[in-house]
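Topology and contacts: notes
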Amino acid sequence: MGIAIEGRQVLVILVALLSATNCYESCAGGVSGEVEKVKLNIYYETLCPSSAIFIVEHLPKLFDSGLIHVTDLKLFPYGNADVFNGTIYCQHGKLECLLNTVHACAIDVWPDLSEHFPFISCVENVVLESFVYRRKYPQWKTCLEKLSLEAKPVTDCYESAHGKELELLYAAQTQALQPPQTYVPWVVVDGQPLYQDYENFINYIYKAYKGSDAVSACNASVNVIHNGRKIKPFGSTKTTKSKLSTISSAITSWMKKLSALV
């Protein structure tokens with residue numbers, strides 16, 4: 001089934017963004033000296049359960065530990081898609097292509113992590129709820145309202161050629177990986193893929209960090225400042241085995257219904 005970039009099948013998550021806590025001055029002031037931040041690249045796709053679980057269950061540890069202050073986190077929403085004759089084919093179909101492009105546009109429109117990460121997390125939360133409650137289409141645009149974000153820049157992006165250009169860029173970056181990406185999430189720390197040990201990415205960041213800042217002493221808040229006010233977290237939900245089983249069943253059912261509509 002072929003798709004241009006306008007379709008995209010979503011998958012995923014509920015992000016538990018941490019409650020606000022006070023930071024020690026050394027953390028709030030950033031990383032001292034000229035020590036380069038540790039690079040953390042996450043290659044994922046919006047409808048992959050493993051990607052979703054990683055984002056909601058594990059990625060928040062980066063903020064909880066305070067390591068976000070010494071880490072350069074970048075998200076690559078493309079995953080296992082393919083490009084044939086200029087058309088992008090997503091593993092989970094058109095809706096995933098749409099959501100991947102929405103994520104790409106959000107990163108482009110709001111390049112600051114403190115702005116695009118809360119939005120992406122919120123979208124994943126809405127998508128996860130769609131699977132759980134068997135809704136036909138995730139109402140991801142509600143995240144724009146919740147965060148008081150202007151819809152037009154993102155809408156203009158994913159509805160235009162620019163959205164496709166962004167995804168083709170992510171395609172090139174993903175396909176150029178050495179060693180090549182073979183599944184998602186594909187987690188890379190300072191150029192080294194973690195393979196199946198990706199859930200322990202925090203330990204790899206600690207080992208890779210060459211600075212002397214006591215980052216572990218500070219708990220960072222994922223609440224961010226947007227337009228002069230704090231954005232509160234979207235809530236914290238622990239994904240249990242029972243819920244994952246329910247989600248898996250819902251995904252299978254939902255995908256069959258979607259296939260019949262396409």
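Structure's up top.
The structure presented is a predicted model; accordingly, all values stated were derived computationally and were not measured. (Residues numbered from 1 in each chain as written. Predicted model: local features only at pLDDT ≥ 70, side-chain atom pairs only at ≥ 80, totals over all residues. Heavy atoms only, no water.)

**Comments concerning the pattern of salt bridges**
This is how it is decided: What counts as a salt bridge is simple: a side-chain nitrogen of Lys or Arg found within 4 Å of a carboxyl oxygen of Asp or Glu. For the exposure calls, accessible area comes from a 1.4 Å probe over protein chains only, and a residue counts as buried if that area is under 20% of its type's maximum, exposed if over 50%, partly exposed in between.
Tallying each qualifying case throughout the model produces three salt bridges. One salt bridge in this structure joins Lys39 and Glu36, with 2.3 Å as the shortest N-O distance. In this structure, Lys74 and Asp72 form a salt bridge, with 3.8 Å as the shortest nitrogen-oxygen distance. Among the residues examined, Asp72 registers a relative accessible area of 26% and is labelled partly exposed.

**Here we look at the nonpolar core**
Defined as follows: Throughout, nonpolar core names a set of buried Ala, Val, Leu, Ile, Met, Phe, Trp, Tyr and Cys residues whose side chains join them through atoms within 4.5 Å. Secondary structure counts use DSSP, requiring at least four H or I residues in a row for a helix and at least two E residues in a row for a strand, with both numbered from the N terminus. In what follows, a contact means two residues having at least one pair of non-hydrogen atoms within 4.5 Å.
Ranked by internal contacts, the top residues of the largest apolar core, which has 62 residues, are Leu40, Leu62, Leu75, Phe119, Trp140 and Phe201. At nine residues, the largest contribution of residues to this core is made by helix α4 (residues 94–109). With residues near it in sequence (within four places) discarded, Leu40 still touches Leu59, Leu62, Thr71, Asp72, Leu73, Lys74, Val187, Val188, Val189, Phe201 and Ile205.

**Considerations on the environment of Val188**
Take Val188: it is sitting in strand β5 (residues 186–189). Since its relative accessible area comes to 6%, Val188 is described here as buried. When the C-alpha atoms of Val188 and Lys39 are compared, they prove to be 7.9 Å apart, with 149 residues separating the residues in sequence. When near neighbours in sequence (up to four residues on either side) are disregarded, Val188 contacts Lys39, Leu40, Asn41, Tyr43 and Pro193.

**Quick word on the packing of aromatic side chains**
Our working rule: What counts as a ring pair is set by centres within 6.5 Å for rings of Phe, Tyr and Trp (its six-membered ring), and what kind of pair is set by the plane angle: stacked under 30 degrees, edge-to-face over 60, tilted for all other angles. Here, a charge over a ring is recorded when the distance from Lys NZ or Arg CZ to the ring centre is within 6 Å and its angle to the ring normal is within 35 degrees.
Counted by the stated rule, this structure contains 10 aromatic pairs. Ring geometry for Tyr43 against Phe76: centres 4.3 Å apart, planes inclined by 20 degrees, an arrangement best described as stacked. One end of the pair, Tyr43, is in strand β1 (residues 38–44); the other, Phe76, is in strand β2 (residues 71–77), with 33 residues separating them in the sequence. Residue classification places Tyr43 among the buried residues on the basis of a relative accessible area of 5%. By relative accessible area, Phe76 is classed as buried at 8%. On the basis of an interplanar angle of 75 degrees and a centroid distance of 5.2 Å, the ring pair of Tyr183 and Trp186 is categorised as edge-to-face. The partly exposed category is assigned to Tyr183, whose relative accessible area is 21%. Put simply, the rings of Tyr43, Phe76 and Tyr170 touch in pairs and so form one group of aromatic residues. Seen from the ring of Tyr204, Lys207 lies directly overhead, with NZ or CZ sitting 5.6 Å from the centre.

**Some details on the layout of surface pockets**
What counts is decided by this rule: In this analysis the probe radius is 1.4 Å and the grid spacing 1 Å, with only protein atoms considered; a cavity is a set of points the probe fits into but cannot get out of, a pocket is an open set with protein on both sides within 12 Å along at least five of seven lines, and lining residues have an atom within 4 Å of a point. Grid points are joined across faces, edges and corners, and a volume is the space filled by probe spheres set on the points.
By volume, the second largest pocket is sized at about 230 Å³. Taken together, Thr71, Asp72, Leu73, Lys74, Leu75, Phe76, Ile107, Pro111, Asp112, Leu113, His116 and Tyr170 make up the full set of residues lining the second largest pocket. Residue assignment for the lining of the second largest pocket shows that the elements contributing at least two residues are β2 and α5 (113–132). Top element by residues in the lining of the second largest pocket is β2. It accounts for six residues.

**Things to note about the sheet that holds β2**
Keep this limit in mind: Paired strands, as defined in this entry, are two strands with at least two bridges between them according to DSSP. Axis definition: a line fitted to C-alpha atoms, over the contacting stretch in the case of helices. Angles run 0 to 180 degrees between N-to-C directions.
The sheet built from four strands is open, its strands ordered β2-β1-β5-β6 with mixed pairing. Two strands bound the open sheet, and with one partner strand each, they are β2 and β6 (192–193). Across the sheet, α4 is in contact with β1 and β2; its angle to β2 comes to roughly 145 degrees. Strands in contact with helix α8 (residues 161–175) are β1 and β2; relative to β2, the strand with the most contacts, it is inclined by about 110 degrees.

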